[in-house]
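Structural characterization, general
Residue-level listing of the chains:
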Amino acid sequence: MISFNFLNTAMIASSGQSAISAVNIVGSINVLLIQIFVAVGLGGTVLIAQYFGGKQLKILGQVVNGTLFGAILTGLGLAVIFGILHTPILQLLFGAAAPKVMDDAKIYMLGVLASYPFEATVEGTNGCLRGIGRTKNSLILSSTMNGLYLIFNLVFITWLHLGIVGMIIALNLSRWLAAAFAVWMLSTHRDLFALRMQTLRHVDFKMIRRVLTVAVPFAAESFFFNGGKIIIQMMIVGLGTSVIVTNAIANSWTQLSEIIPTALEVALVPIVGQCIGRRNIDDAKKLTKSFLGLGIVAFVLVDGILMLSFNRGIQLFSPAADIVGDIFHIYVIFAVMHILVWSFSFVLPSALRAAGDGKFTTYVSLLTMWLFRVVGGYVFGVRLGYGLIGITVVMTLEWAIRGVIFVIRFRGARWLTKRLI
(Lines give C-alpha, C1' and ligand atoms only; values in the text may rest on other atoms or scores of the structure.)
Protein backbone atom coordinates (compact mmCIF):
# COMPACT_ATOMS: atom_id res chain seq x y z
CA MET A 1 0.00 0.00 0.00
CA ILE A 2 2.86 2.36 0.83
CA SER A 3 4.58 1.51 -2.45
CA PHE A 4 1.41 2.27 -4.38
CA ASN A 5 1.11 5.58 -2.53
CA PHE A 6 4.72 6.33 -3.45
CA LEU A 7 4.07 5.71 -7.16
CA ASN A 8 0.76 7.59 -7.14
CA THR A 9 2.41 10.63 -5.53
CA ALA A 10 5.11 10.48 -8.19
CA MET A 11 2.45 10.40 -10.93
CA ILE A 12 0.41 13.33 -9.62
CA ALA A 13 3.65 15.31 -9.31
CA SER A 14 3.64 15.47 -13.12
CA SER A 15 0.49 17.65 -12.87
CA GLY A 16 2.40 20.42 -11.10
CA GLN A 17 3.10 21.77 -7.62
CA SER A 18 -0.51 22.83 -7.11
CA ALA A 19 -1.79 19.28 -7.65
CA ILE A 20 0.74 17.58 -5.39
CA SER A 21 0.17 20.23 -2.70
CA ALA A 22 -3.61 19.71 -2.84
CA VAL A 23 -3.24 15.93 -2.60
CA ASN A 24 -0.85 16.32 0.35
CA ILE A 25 -3.20 18.72 2.18
CA VAL A 26 -6.29 16.55 1.75
CA GLY A 27 -4.16 13.48 2.43
CA SER A 28 -3.60 14.59 6.02
CA ILE A 29 -7.38 14.85 6.56
CA ASN A 30 -7.95 11.61 4.68
CA VAL A 31 -5.54 9.69 6.93
CA LEU A 32 -7.32 11.07 9.99
CA LEU A 33 -10.76 9.96 8.78
CA ILE A 34 -9.81 6.62 7.25
CA GLN A 35 -8.09 5.54 10.45
CA ILE A 36 -11.42 5.91 12.25
CA PHE A 37 -13.12 3.13 10.30
CA VAL A 38 -9.85 1.22 10.12
CA ALA A 39 -10.04 1.29 13.93
CA VAL A 40 -13.46 -0.35 13.72
CA GLY A 41 -11.88 -3.14 11.66
CA LEU A 42 -9.11 -3.39 14.25
CA GLY A 43 -11.69 -3.67 17.03
CA GLY A 44 -13.17 -6.59 15.12
CA THR A 45 -9.69 -8.10 14.73
CA VAL A 46 -9.12 -8.07 18.49
CA LEU A 47 -12.50 -9.65 19.31
CA ILE A 48 -12.30 -12.27 16.56
CA ALA A 49 -8.70 -13.15 17.49
CA GLN A 50 -9.55 -13.66 21.15
CA TYR A 51 -12.71 -15.68 20.42
CA PHE A 52 -10.83 -17.69 17.77
CA GLY A 53 -7.90 -18.34 20.14
CA GLY A 54 -10.36 -19.39 22.86
CA LYS A 55 -12.18 -21.78 20.44
CA GLN A 56 -15.47 -19.89 20.83
CA LEU A 57 -16.27 -20.17 17.13
CA LYS A 58 -20.07 -19.91 17.09
CA ILE A 59 -20.03 -16.18 17.87
CA LEU A 60 -17.59 -15.26 15.08
CA GLY A 61 -20.33 -14.70 12.48
CA GLN A 62 -22.00 -12.12 14.70
CA VAL A 63 -18.69 -10.32 15.22
CA VAL A 64 -18.19 -10.22 11.44
CA ASN A 65 -21.61 -8.57 11.12
CA GLY A 66 -20.75 -5.96 13.77
CA THR A 67 -17.33 -5.28 12.28
CA LEU A 68 -18.44 -4.96 8.66
CA PHE A 69 -21.55 -2.86 9.23
CA GLY A 70 -19.85 -0.84 11.95
CA ALA A 71 -17.10 0.12 9.50
CA ILE A 72 -19.53 0.89 6.65
CA LEU A 73 -21.84 3.04 8.77
CA THR A 74 -18.84 4.89 10.20
CA GLY A 75 -17.43 5.53 6.73
CA LEU A 76 -20.80 6.68 5.41
CA GLY A 77 -21.32 9.04 8.35
CA LEU A 78 -17.87 10.60 7.92
CA ALA A 79 -18.46 11.03 4.18
CA VAL A 80 -21.75 12.87 4.68
CA ILE A 81 -20.59 15.13 7.53
CA PHE A 82 -17.28 16.13 6.00
CA GLY A 83 -18.81 16.40 2.52
CA ILE A 84 -21.26 19.02 3.77
CA LEU A 85 -18.54 20.87 5.70
CA HIS A 86 -15.59 20.39 3.33
CA THR A 87 -15.21 24.06 2.33
CA PRO A 88 -15.20 25.59 5.83
CA ILE A 89 -12.96 22.77 7.10
CA LEU A 90 -10.35 23.34 4.40
CA GLN A 91 -10.53 27.10 4.87
CA LEU A 92 -10.16 26.75 8.63
CA LEU A 93 -7.22 24.36 8.47
CA PHE A 94 -5.38 25.43 5.32
CA GLY A 95 -6.69 28.87 4.44
CA ALA A 96 -3.09 30.07 4.03
CA ALA A 97 -2.66 27.88 0.94
CA ALA A 98 -2.54 29.45 -2.53
CA PRO A 99 -5.99 29.84 -4.22
CA LYS A 100 -5.20 27.26 -6.93
CA VAL A 101 -4.07 24.75 -4.31
CA MET A 102 -7.28 25.34 -2.32
CA ASP A 103 -9.51 24.90 -5.40
CA ASP A 104 -7.84 21.58 -6.24
CA ALA A 105 -8.07 20.49 -2.60
CA LYS A 106 -11.85 21.06 -2.48
CA ILE A 107 -12.42 18.95 -5.58
CA TYR A 108 -10.12 16.18 -4.39
CA MET A 109 -11.64 16.03 -0.91
CA LEU A 110 -15.17 15.48 -2.27
CA GLY A 111 -13.87 12.72 -4.52
CA VAL A 112 -12.07 11.02 -1.65
CA LEU A 113 -15.14 11.17 0.61
CA ALA A 114 -17.28 9.49 -2.04
CA SER A 115 -15.09 6.37 -1.77
CA TYR A 116 -15.41 5.97 2.02
CA PRO A 117 -18.32 3.49 2.32
CA PHE A 118 -16.58 1.18 -0.15
CA GLU A 119 -13.14 1.46 1.41
CA ALA A 120 -14.77 0.88 4.80
CA THR A 121 -16.16 -2.41 3.43
CA VAL A 122 -12.62 -3.45 2.52
CA GLU A 123 -11.13 -2.40 5.87
CA GLY A 124 -13.88 -4.16 7.84
CA THR A 125 -13.29 -7.34 5.85
CA ASN A 126 -9.54 -7.07 6.35
CA GLY A 127 -10.05 -6.75 10.09
CA CYS A 128 -12.10 -9.94 10.13
CA LEU A 129 -9.60 -11.91 8.02
CA ARG A 130 -6.65 -10.85 10.18
CA GLY A 131 -8.50 -11.94 13.31
CA ILE A 132 -8.46 -15.59 12.19
CA GLY A 133 -4.91 -15.33 10.87
CA ARG A 134 -5.80 -15.12 7.17
CA THR A 135 -3.35 -12.27 6.54
CA LYS A 136 -2.50 -13.66 3.09
CA ASN A 137 -6.08 -13.09 1.99
CA SER A 138 -6.03 -9.62 3.53
CA LEU A 139 -2.90 -8.96 1.48
CA ILE A 140 -4.62 -10.12 -1.70
CA LEU A 141 -7.61 -7.88 -1.04
CA SER A 142 -5.55 -4.76 -0.22
CA SER A 143 -3.13 -5.40 -3.09
CA THR A 144 -6.01 -5.80 -5.52
CA MET A 145 -7.59 -2.53 -4.39
CA ASN A 146 -4.37 -0.55 -4.59
CA GLY A 147 -3.16 -2.32 -7.72
CA LEU A 148 -6.35 -1.25 -9.49
CA TYR A 149 -5.82 2.27 -8.16
CA LEU A 150 -2.33 2.34 -9.65
CA ILE A 151 -3.50 1.03 -13.03
CA PHE A 152 -6.39 3.50 -13.21
CA ASN A 153 -4.04 6.34 -12.24
CA LEU A 154 -1.77 5.39 -15.13
CA VAL A 155 -4.77 5.59 -17.44
CA PHE A 156 -6.41 8.77 -16.14
CA ILE A 157 -3.36 10.78 -14.99
CA THR A 158 -0.39 9.66 -17.08
CA TRP A 159 -2.14 8.86 -20.36
CA LEU A 160 -5.28 11.03 -20.33
CA HIS A 161 -3.68 13.90 -18.32
CA LEU A 162 -6.79 14.48 -16.19
CA GLY A 163 -4.79 15.49 -13.10
CA ILE A 164 -6.81 15.70 -9.86
CA VAL A 165 -10.04 14.61 -11.56
CA GLY A 166 -8.25 11.56 -12.97
CA MET A 167 -7.01 10.60 -9.52
CA ILE A 168 -10.56 10.87 -8.13
CA ILE A 169 -11.96 8.62 -10.88
CA ALA A 170 -9.17 6.08 -10.30
CA LEU A 171 -9.69 6.11 -6.52
CA ASN A 172 -13.43 5.48 -6.69
CA LEU A 173 -13.31 2.82 -9.39
CA SER A 174 -10.69 0.86 -7.45
CA ARG A 175 -12.66 1.09 -4.19
CA TRP A 176 -15.97 0.08 -5.78
CA LEU A 177 -14.45 -3.03 -7.36
CA ALA A 178 -12.53 -3.90 -4.19
CA ALA A 179 -15.69 -3.67 -2.06
CA ALA A 180 -17.38 -6.26 -4.29
CA PHE A 181 -14.29 -8.46 -4.02
CA ALA A 182 -14.35 -8.09 -0.21
CA VAL A 183 -17.92 -9.39 0.03
CA TRP A 184 -16.98 -12.35 -2.17
CA MET A 185 -13.94 -13.07 0.02
CA LEU A 186 -16.10 -13.11 3.16
CA SER A 187 -18.36 -15.60 1.42
CA THR A 188 -15.42 -17.92 0.63
CA HIS A 189 -14.36 -17.89 4.32
CA ARG A 190 -17.85 -18.31 5.77
CA ASP A 191 -17.05 -21.77 7.22
CA LEU A 192 -14.11 -20.44 9.25
CA PHE A 193 -16.27 -17.60 10.57
CA ALA A 194 -19.24 -19.90 11.22
CA LEU A 195 -20.98 -17.32 9.04
CA ARG A 196 -24.22 -17.75 7.18
CA MET A 197 -24.57 -15.10 4.50
CA GLN A 198 -28.11 -14.31 5.68
CA THR A 199 -26.42 -13.08 8.87
CA LEU A 200 -25.21 -10.11 6.80
CA ARG A 201 -28.70 -9.24 5.54
CA HIS A 202 -29.62 -7.51 8.79
CA VAL A 203 -27.58 -5.05 10.82
CA ASP A 204 -26.75 -6.38 14.29
CA PHE A 205 -26.64 -3.12 16.25
CA LYS A 206 -25.91 -4.91 19.52
CA MET A 207 -22.73 -6.43 18.08
CA ILE A 208 -21.82 -3.14 16.42
CA ARG A 209 -21.84 -1.58 19.88
CA ARG A 210 -19.55 -4.35 21.14
CA VAL A 211 -17.10 -3.85 18.32
CA LEU A 212 -17.21 -0.08 18.70
CA THR A 213 -16.56 -0.39 22.43
CA VAL A 214 -13.27 -2.13 21.63
CA ALA A 215 -12.58 0.17 18.68
CA VAL A 216 -13.16 3.49 20.46
CA PRO A 217 -9.72 3.62 22.12
CA PHE A 218 -8.07 2.80 18.77
CA ALA A 219 -10.18 5.41 16.98
CA ALA A 220 -9.60 8.03 19.67
CA GLU A 221 -5.85 7.41 19.61
CA SER A 222 -5.78 7.66 15.83
CA PHE A 223 -8.02 10.75 15.85
CA PHE A 224 -5.90 12.67 18.35
CA PHE A 225 -2.64 11.46 16.85
CA ASN A 226 -3.56 12.31 13.25
CA GLY A 227 -5.37 15.44 14.42
CA GLY A 228 -2.05 16.61 15.79
CA LYS A 229 -0.46 15.80 12.45
CA ILE A 230 -3.04 18.06 10.78
CA ILE A 231 -2.02 20.88 13.10
CA ILE A 232 1.57 20.25 12.04
CA GLN A 233 0.40 20.28 8.40
CA MET A 234 -1.23 23.67 9.02
CA MET A 235 2.13 24.99 10.20
CA ILE A 236 3.81 23.58 7.09
CA VAL A 237 1.20 25.14 4.78
CA GLY A 238 1.99 28.52 6.31
CA LEU A 239 5.65 28.04 5.27
CA GLY A 240 4.78 28.08 1.55
CA THR A 241 4.00 25.79 -1.40
CA SER A 242 7.61 24.67 -1.92
CA VAL A 243 7.77 23.49 1.71
CA ILE A 244 4.49 21.58 1.26
CA VAL A 245 6.00 19.83 -1.76
CA THR A 246 9.24 19.11 0.14
CA ASN A 247 7.27 17.55 2.98
CA ALA A 248 5.08 15.49 0.64
CA ILE A 249 8.03 14.03 -1.27
CA ALA A 250 10.12 13.41 1.86
CA ASN A 251 7.25 11.57 3.54
CA SER A 252 6.56 9.43 0.47
CA TRP A 253 10.23 8.45 0.30
CA THR A 254 10.46 7.85 4.05
CA GLN A 255 7.39 5.63 4.13
CA LEU A 256 9.11 3.08 1.89
CA SER A 257 11.32 2.08 4.81
CA GLU A 258 8.26 1.72 7.05
CA ILE A 259 6.63 -1.00 4.94
CA ILE A 260 7.93 -4.04 6.86
CA PRO A 261 7.67 -2.52 10.37
CA THR A 262 4.13 -1.28 9.63
CA ALA A 263 3.20 -4.80 8.55
CA LEU A 264 4.62 -6.10 11.83
CA GLU A 265 2.55 -3.51 13.69
CA VAL A 266 -0.65 -4.80 12.07
CA ALA A 267 0.23 -8.50 12.24
CA LEU A 268 1.08 -8.41 15.93
CA VAL A 269 -2.54 -7.63 16.90
CA PRO A 270 -4.13 -10.98 15.92
CA ILE A 271 -1.04 -12.92 17.02
CA VAL A 272 -0.99 -11.48 20.54
CA GLY A 273 -4.80 -11.47 20.61
CA GLN A 274 -4.91 -15.23 19.99
CA CYS A 275 -2.21 -15.79 22.65
CA ILE A 276 -4.27 -13.80 25.15
CA GLY A 277 -7.40 -15.76 24.16
CA ARG A 278 -5.49 -18.97 25.02
CA ARG A 279 -4.14 -17.32 28.22
CA ASN A 280 -0.59 -17.95 26.92
CA ILE A 281 1.17 -14.89 28.32
CA ASP A 282 4.73 -16.14 27.79
CA ASP A 283 4.21 -16.52 24.03
CA ALA A 284 2.59 -13.08 23.83
CA LYS A 285 5.67 -11.50 25.41
CA LYS A 286 8.18 -13.56 23.44
CA LEU A 287 6.54 -12.87 20.08
CA THR A 288 6.27 -9.17 20.83
CA LYS A 289 10.01 -8.97 21.58
CA SER A 290 10.85 -10.84 18.39
CA PHE A 291 8.70 -8.44 16.34
CA LEU A 292 10.49 -5.46 17.88
CA GLY A 293 13.87 -6.92 16.94
CA LEU A 294 12.72 -7.72 13.41
CA GLY A 295 11.42 -4.17 12.98
CA ILE A 296 14.81 -2.71 13.89
CA VAL A 297 16.64 -5.08 11.52
CA ALA A 298 14.22 -4.16 8.71
CA PHE A 299 14.93 -0.46 9.18
CA VAL A 300 18.70 -1.01 9.11
CA LEU A 301 18.47 -2.90 5.81
CA VAL A 302 15.82 -0.85 3.98
CA ASP A 303 16.98 2.60 5.09
CA GLY A 304 20.49 1.62 4.05
CA ILE A 305 19.26 0.75 0.56
CA LEU A 306 17.16 3.94 0.32
CA MET A 307 20.12 6.06 1.44
CA LEU A 308 22.33 4.62 -1.32
CA SER A 309 19.64 5.01 -4.01
CA PHE A 310 18.36 8.45 -2.93
CA ASN A 311 19.85 10.57 -5.74
CA ARG A 312 18.30 8.46 -8.50
CA GLY A 313 15.08 7.43 -6.79
CA ILE A 314 14.03 10.94 -5.78
CA GLN A 315 14.01 11.99 -9.44
CA LEU A 316 10.76 10.03 -9.86
CA PHE A 317 9.07 13.06 -8.25
CA SER A 318 10.73 15.57 -10.61
CA PRO A 319 11.59 17.86 -7.65
CA ALA A 320 12.94 21.38 -8.11
CA ALA A 321 16.71 21.38 -7.64
CA ASP A 322 16.56 23.79 -4.71
CA ILE A 323 14.50 21.44 -2.50
CA VAL A 324 16.41 18.17 -3.04
CA GLY A 325 18.88 19.00 -0.26
CA ASP A 326 16.08 19.68 2.22
CA ILE A 327 14.36 16.42 1.28
CA PHE A 328 17.59 14.51 1.95
CA HIS A 329 18.17 16.18 5.32
CA ILE A 330 14.64 15.34 6.47
CA TYR A 331 15.08 11.74 5.33
CA VAL A 332 18.35 11.37 7.27
CA ILE A 333 16.59 12.47 10.47
CA PHE A 334 13.81 9.96 9.90
CA ALA A 335 16.26 7.16 9.06
CA VAL A 336 18.23 7.55 12.29
CA MET A 337 15.14 7.67 14.48
CA HIS A 338 13.55 4.77 12.60
CA ILE A 339 16.32 2.49 13.82
CA LEU A 340 16.46 3.85 17.35
CA VAL A 341 12.84 4.29 18.43
CA TRP A 342 10.16 3.69 15.75
CA SER A 343 9.43 0.06 16.61
CA PHE A 344 9.00 0.82 20.31
CA SER A 345 6.64 3.69 19.50
CA PHE A 346 4.45 1.90 16.93
CA VAL A 347 4.92 -1.89 16.99
CA LEU A 348 4.98 -2.35 20.78
CA PRO A 349 1.59 -0.66 21.49
CA SER A 350 -0.05 -3.18 19.12
CA ALA A 351 0.63 -5.85 21.73
CA LEU A 352 -0.89 -3.68 24.46
CA ARG A 353 -4.01 -3.03 22.36
CA ALA A 354 -4.41 -6.73 21.49
CA ALA A 355 -4.48 -7.52 25.20
CA GLY A 356 -7.23 -4.93 25.79
CA ASP A 357 -5.00 -2.10 27.06
CA GLY A 358 -6.12 0.30 24.32
CA LYS A 359 -7.12 3.10 26.70
CA PHE A 360 -3.57 3.41 28.00
CA THR A 361 -2.06 3.69 24.49
CA THR A 362 -4.71 6.29 23.65
CA TYR A 363 -3.91 8.48 26.64
CA VAL A 364 -0.17 8.27 26.00
CA SER A 365 -0.51 9.13 22.30
CA LEU A 366 -2.87 12.01 23.09
CA LEU A 367 -0.56 13.57 25.66
CA THR A 368 2.73 13.19 23.81
CA MET A 369 1.28 14.33 20.49
CA TRP A 370 -0.36 17.49 21.78
CA LEU A 371 1.95 18.47 24.63
CA PHE A 372 5.21 17.73 22.85
CA ARG A 373 4.85 17.40 19.06
CA VAL A 374 2.28 20.14 18.43
CA VAL A 375 3.64 22.65 20.94
CA GLY A 376 7.25 21.79 20.17
CA GLY A 377 6.66 21.89 16.42
CA TYR A 378 5.18 25.36 16.70
CA VAL A 379 7.98 26.65 18.92
CA PHE A 380 10.90 25.24 16.93
CA GLY A 381 9.38 25.20 13.44
CA VAL A 382 7.52 28.53 13.44
CA ARG A 383 8.54 30.76 16.33
CA LEU A 384 12.27 30.00 16.33
CA GLY A 385 12.39 29.74 12.54
CA TYR A 386 13.81 26.24 12.09
CA GLY A 387 11.03 25.45 9.61
CA LEU A 388 10.40 21.93 8.34
CA ILE A 389 13.69 20.60 9.76
CA GLY A 390 12.71 21.76 13.27
CA ILE A 391 9.25 20.23 12.97
CA THR A 392 10.77 16.92 11.82
CA VAL A 393 13.20 16.77 14.74
CA VAL A 394 10.41 17.41 17.25
CA MET A 395 8.21 14.77 15.58
CA THR A 396 10.86 12.05 15.84
CA LEU A 397 11.70 12.97 19.43
CA GLU A 398 8.03 12.47 20.25
CA TRP A 399 8.39 8.91 18.92
CA ALA A 400 11.17 8.39 21.47
CA ILE A 401 9.07 9.66 24.38
CA ARG A 402 6.15 7.39 23.52
CA GLY A 403 8.47 4.44 22.99
CA VAL A 404 9.99 4.79 26.46
CA ILE A 405 6.54 4.93 28.08
CA PHE A 406 5.32 1.83 26.19
CA VAL A 407 8.46 -0.14 27.12
CA ILE A 408 7.87 0.63 30.82
CA ARG A 409 4.21 -0.46 30.49
CA PHE A 410 5.17 -3.69 28.67
CA ARG A 411 7.72 -4.63 31.31
CA GLY A 412 5.04 -4.40 33.98
CA ALA A 413 1.94 -6.56 34.42
CA ARG A 414 -1.00 -4.12 34.31
CA TRP A 415 -1.46 -4.45 30.53
CA LEU A 416 -2.26 -8.14 31.07
CA THR A 417 -5.15 -7.47 33.48
CA LYS A 418 -7.57 -6.01 30.88
CA ARG A 419 -10.19 -8.60 29.89
CA LEU A 420 -12.38 -8.24 26.78
CA ILE A 421 -14.09 -11.65 26.63
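This one's a predicted model, so the numbers in the text were calculated from it and none came from an experiment.

As a further point, take the overall build of the protein. Across its full length, the protein carries 17 helices and 0 strands. Over its C-alpha trace the protein gives a radius of gyration of 21 Å, about what one expects of a compact globule, namely 22 Å for 421 residues. Within the protein, buried positions represent 56% of all 421 residues. Taking the contacts inside the protein whose residues are at least 6 apart along the sequence as the reference set, 83% of them involve residues at least 24 apart. A total accessible area of about 17,600 Å² is found for the protein, and carbon and sulfur atoms account for 68% of it. With 31 positive and 16 negative side-chain charges, the protein shows a spacing of 11 Å between the two charge centroids.

So, on to the nonpolar core. With 126 residues, the main nonpolar core has Ile 29, Phe 94, Tyr 108, Tyr 116 and Phe 193 as its most contacted residues. Element by element, the count of residues in this core is highest for helix α2 (residues 17–53), at 18 residues. In this view, Ile 29 contacts Ile 89, Leu 90, Leu 93, Phe 94, Met 109 and Ile 230; residues no more than four positions away in its chain are not counted.

This model, assessed by the stated rule, comprises 6 salt bridges. The partner of Asp 104 in a salt bridge is Lys 100, with the nearest N and O atoms 3.4 Å apart. Of this pair, Asp 104 and Lys 100 both sit in helix α5 (residues 99–114), 4 residues apart, which is roughly one turn of that helix. Residue classification places Asp 104 among the buried residues on the basis of a relative accessible area of 10%. Measuring nitrogen to oxygen at the nearest pair gives 3.8 Å for the salt bridge that ties Asp 283 to Lys 286. Of this pair, Asp 283 and Lys 286 both sit in helix α12 (residues 281–308), separated by 3 residues, roughly a single helical turn. Taking relative accessible area as the criterion, Asp 283 reaches 26% and is therefore assigned partly exposed. The network of salt bridges with common partners includes Arg 373, Glu 398 and Arg 402.

Turning next to a nonpolar patch on the surface. Together, Ile 107, Leu 154, Trp 159, Leu 160, Leu 162, Val 165 and Ile 169 make up a nonpolar patch on the protein surface, roughly 630 Å² of accessible area in all. Only α7 (135–159) and α8 (163–188) provide two or more residues apiece to the nonpolar patch. Mapped onto the elements of the fold, Trp 159 is located in helix α7. Judged by relative accessible area, Trp 159 falls into the exposed class, the value being 60%.

Here we come to the packing of aromatic side chains. With the rule as written, the count across this model stands at 13 aromatic pairs. Aromatic ring contacts, followed pair by pair, group Phe 299, Phe 334, Trp 342, Phe 346 and Trp 399 into a single cluster. Taking NZ or CZ as reference, Arg 175 lies 5.0 Å from the ring centre of Tyr 149, over its face. It is Arg 402 that lies over the ring of Phe 346; its NZ or CZ is 4.7 Å from the centre.

Moving on, we get to unusual backbone geometry. One can expect most non-glycine residues to show negative phi and most peptide bonds to be in trans. Positive phi outside glycine occurs at His 161, with the angle close to 55 degrees. Tracing the sequence through the fold places His 161 in the loop between α7 and α8. Taking the relative accessible area as the measure of exposure, His 161 reaches 64% and is therefore exposed. One non-glycine residue with positive phi stands out, namely Arg 279, at about 60 degrees. Along the polypeptide, Arg 279 turns up in the loop between α11 (259–277) and α12. A relative accessible area of 42% places Arg 279 in the partly exposed class.

Along the chain, Thr 288 turns up in helix α12. A distance of 2.7 Å separates a polar side-chain atom of Thr 288 from the backbone oxygen of Ala 284. In this structure, Thr 288 is in contact with Leu 268, Val 272, Leu 348, Ala 351 and Phe 410, ignoring residues within four places of it in sequence.

Our focus in this paragraph is the environment of Thr 288. For Thr 288, a relative accessible area of 0% gives the class buried. Sequence separation between Thr 288 and Ala 10 is 278 residues, and the spatial gap between their C-alpha atoms is 35 Å.

It is worth spelling out the packing of helix α3 (residues 60–84) against α5 at this point. Close contact between α3 and α5 brings their axes to 9 Å; oriented N to C, the two are set at 160 degrees. Classed by the angle they form, the pair α3 and α5 counts as roughly antiparallel. The hand of the α3/α5 crossing is left-handed. Residues Leu 78, Ala 79, Phe 82 and Gly 83 of α3 form the contact with α5, whose participating residues are Met 109, Leu 110 and Leu 113. Classifying every residue of the contact of α3 with α5 by side-chain character gives 6 nonpolar, 1 polar and no charged.

By secondary structure assignment, the location of Ala 178 is in helix α8. Sequence separation between Ala 178 and Val 155 is 23 residues; the distance between their C-alpha atoms is 18 Å. For Ala 178, the contacting residues outside a window of four places in its chain are Val 122, Leu 141 and Met 145.

This part covers the side chain of Ser 343. Mapping Ser 343 onto the fold places it in helix α14 (residues 321–346). Not counting chain neighbours up to four residues away, the residues in contact with Ser 343 comprise Leu 292, Gly 295, Ile 296, Phe 299, His 338 and Leu 348.

Here is what the cut-offs are and how they apply
- Residues numbered from 1 in each chain as written.
- Predicted model: local features only at pLDDT ≥ 70, side-chain atom pairs only at ≥ 80, totals over all residues.
- Heavy atoms only, no water.
- Helix = DSSP H or I, 4+ residues; strand = E, 2+ residues; numbered from the N terminus.
- Rg over C-alpha atoms; globule rule 2.2 N^0.38 Å.
- Buried < 20%, exposed > 50% of the residue type's maximum accessible area, 1.4 Å probe, protein only.
- Contact = heavy atoms within 4.5 Å.
- Areas by Shrake-Rupley, 256 points an atom, 1.4 Å probe, with all protein chains shown as cover.
- Lys, Arg positive; Asp, Glu negative; His and termini not counted.
- Charge placed at Lys NZ, Arg CZ, Asp CG, Glu CD.
- Core = buried A, V, L, I, M, F, W, Y, C linked by side-chain atoms within 4.5 Å.
- Salt bridge = Lys/Arg side-chain N within 4 Å of Asp/Glu carboxyl O.
- Patch = residues over 30% accessible without salt bridge, like charges linked within 9 Å, V, L, I, M, F, W, Y side chains within 5 Å.
- Phe/Tyr/Trp six-rings, centres within 6.5 Å; stacked < 30°, edge-to-face > 60°.
- Lys NZ or Arg CZ within 6 Å of the ring centre and 35° of its normal.
- Polar contact = N/O pair within 3.5 Å; in protein donor to acceptor, adjacent residues only side chain to side chain.
- Axes fitted to C-alpha atoms, helices over the stretch in contact; angles between N-to-C directions.
- Parallel < 35°, antiparallel > 145°, perpendicular 65-115°, else oblique.
- Left-handed = near helix turned anticlockwise from the far one by under 90°.
- Nonpolar A, V, L, I, M, F, W, Y, C, P; charged D, E, K, R; others polar.

The values reported here are purely geometric and, on their own, carry no functional implication.
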